[in-house]
Amino acid sequence: LSQNSFDDPSCLAPQPPGSVSPAKRQIREVKETKITINCVTFPLPGEGPEQQLLKPNEWSYCDYFWADKKDPQGTTSVAGFEVLLQKQLKGKQMQKEMAEFIHERIKIEEEYAKNLSKLSLSPLALQEEGTLGEAWTQLKKSLHDEAEVHLKFSNKLHTEVEKPLLTFRGDNFKKDLKKYDHHIADLRKQLMSRYAGVEKARKALADRQKDLEVKTQQLEIKLSNKTEEDIKKARRKSTQAGDDLMRCVDLYNQTQCKWFEEMVTTSMELEKLEVERIEWIQQHLRQYTTLRHETDMFNQSMVEPVDQLLQNVDPSKDRELWVKENKTSEVRPVDMDI
């Protein structure tokens, strides 16, 4: 894994920081090429070789969440990894809300089926006769059949859509996320501790160098009775402080390297989990549309017999049937004789 943004301890070689007296060191301006933010070291914009993305053109989690993010109020910051965890928790919540939505859809279907079944038993227009009466009876029966279709649809929605959405990644999922969180947080705390050690060692080196500089200047202008031995002792302490700083920087870099590697690995795992979540929901929402299409086809099949009977409705035949059944006499009146 490329770590262009990390300090390389070898850049401090061959001279330890405190090995040369500042009074004898050539003063030169050192251009800063890196910056440490919240104990993480980054390259300054435009400085050093350009970093390449670990997974170019994929918008992968492992490439875009290294820095901390300020909250909307701007008072505190949230670690980049925490942003990824929040995405996982939000996804879990969205999945739950989708299941609730499907549950409401099921309730509508159940109520609709109940009302259709009740209406199919209505006595309204029960006495209609003939071919029109047959069509009307079939229409009422189709409501009963349609109610059965919608009831089956609601049952399938529960077993094939709602339940999978509810049970996908149970209670253990949040526990697993907490393990990820604690693991990365512990590494970040170690990094903060190492950075504090670097800053402490840097201050100690500055103090030793200042002491060496003062003693050297006093000796040069004869303002002190300090011996050359005192100067050597101060130089040894300064050199030791420089060695301590190098050691602290090395430990910091090792810790940052470990954090970097774990960030890449864990963020990739979270990315995989998100892909699985989306594909799982996609699969079961497509099942919803499949069931919906099936319901429409079944409903259409319920209507076809009604259509056929309505096409066969014949007012003349109905009149014939009714007259035969209800006629009072075929004999017509005639004129009265005187």
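The residue count restarts for each chain, going from 1 along the sequence in the order it is written. Confidence filtering applies because this is a predicted model: local features only for residues at pLDDT of at least 70, side-chain atom pairs given and counted only at 80 or more, and all residues used for totals across whole chains, interfaces and linings. The side-chain values count all of the structure's non-hydrogen atoms but skip hydrogen atoms and water molecules.

## A few points about the overall build of the protein chain
Each helix is a run of DSSP H or I of at least 4 residues and each strand a run of E of at least 2, with the numbering of both proceeding from the N terminus. Within the protein chain one finds six helices and four strands. Ordering the α and β elements of the protein chain from the N terminus gives β-β-α-β-β-α-α-α-α-α. Relative accessibility decides the category of a residue: with a 1.4 Å probe and only protein chains considered, values under 20% of the type maximum give buried, values over 50% give exposed, and everything between is partly exposed. The buried share of the protein chain, reckoned over its 338 residues, is 30%. Pairs of residues are marked as contacts when any of their non-hydrogen atoms sit within 4.5 Å. Within the protein chain, contacts between residues at least 6 apart in sequence are counted, and of these 81% link residues at least 24 apart. Total accessible area computed for the protein chain in this model is approximately 23200 Å², and 54% of it derives from carbon and sulfur atoms. Note on areas: these come from Shrake-Rupley sampling with a 1.4 Å probe, and a residue is covered only by the protein chains present in the view.

## Comments concerning the pattern of salt bridges
Put simply, a salt bridge is a Lys or Arg side-chain nitrogen that is within 4 Å of an Asp or Glu carboxyl oxygen. Taken as a whole and assessed by the stated rule, the structure comprises 15 salt bridges. The closest approach of N and O atoms between Asp211 and Lys215, which form a salt bridge, is 3.4 Å. Of this pair, Asp211 and Lys215 both sit in helix H4 (residues 172–220), separated by four residues, roughly a single helical turn. Glu320 is the partner of Lys324 in a salt bridge, and the nearest nitrogen-oxygen pair spans 2.9 Å. With Lys324 and Glu320 both in helix H6 (residues 315–326) and four residues apart, the pair spans about one turn of that helix. Given a relative accessible area of 40%, Glu320 falls into the partly exposed group. Connected through salt bridges with shared partners, the residues Lys87, Glu274 and Arg277 form a single ionic network.

## Re empty space enclosed by the protein
Only protein atoms enter the 1 Å grid used here, on which a cavity is any set of points holding a 1.4 Å probe that cannot leave and a pocket is any open set flanked by protein within 12 Å on both sides along at least five of seven lines; residues with an atom within 4 Å of a point are listed as lining. Grid points are joined across faces, edges and corners, and a volume is the space filled by probe spheres set on the points. Tallying each qualifying case throughout the model produces two cavities of 30 Å³ or more. Considering only enclosed or pocket space, the largest cavity measures out at about 40 Å³ in volume. Looking at the largest cavity, the residues that line it are Gln88, Gly91, Lys92, Gln95, Arg169, Phe173, Glu274 and Arg277. Contributions of two or more residues to the lining of the largest cavity are made by helix H2 (80–120) and helix H5 (228–311). Counting residues per element, the lining of the largest cavity draws most heavily on H2, at four residues. Taken together, the residues of the lining of the largest cavity sort by class into one nonpolar, three polar and four charged. Lining the second largest cavity are Tyr61, Cys62, Phe65, Trp66, Leu84, Met263, Val264 and Ser267. If you list the elements that add at least two residues to the lining of the second largest cavity, you get helix H1 (61–64) and H5. No other element matches the three residues that H5 contributes to the lining of the second largest cavity. Tallied by class, residues from the lining of the second largest cavity come to seven nonpolar, one polar and no charged. Under the convention adopted here, Pro, Cys and the residues Ala, Val, Leu, Ile, Met, Phe, Trp and Tyr are nonpolar, Asp, Glu, Lys and Arg are charged, and Gly plus all remaining residues are polar.

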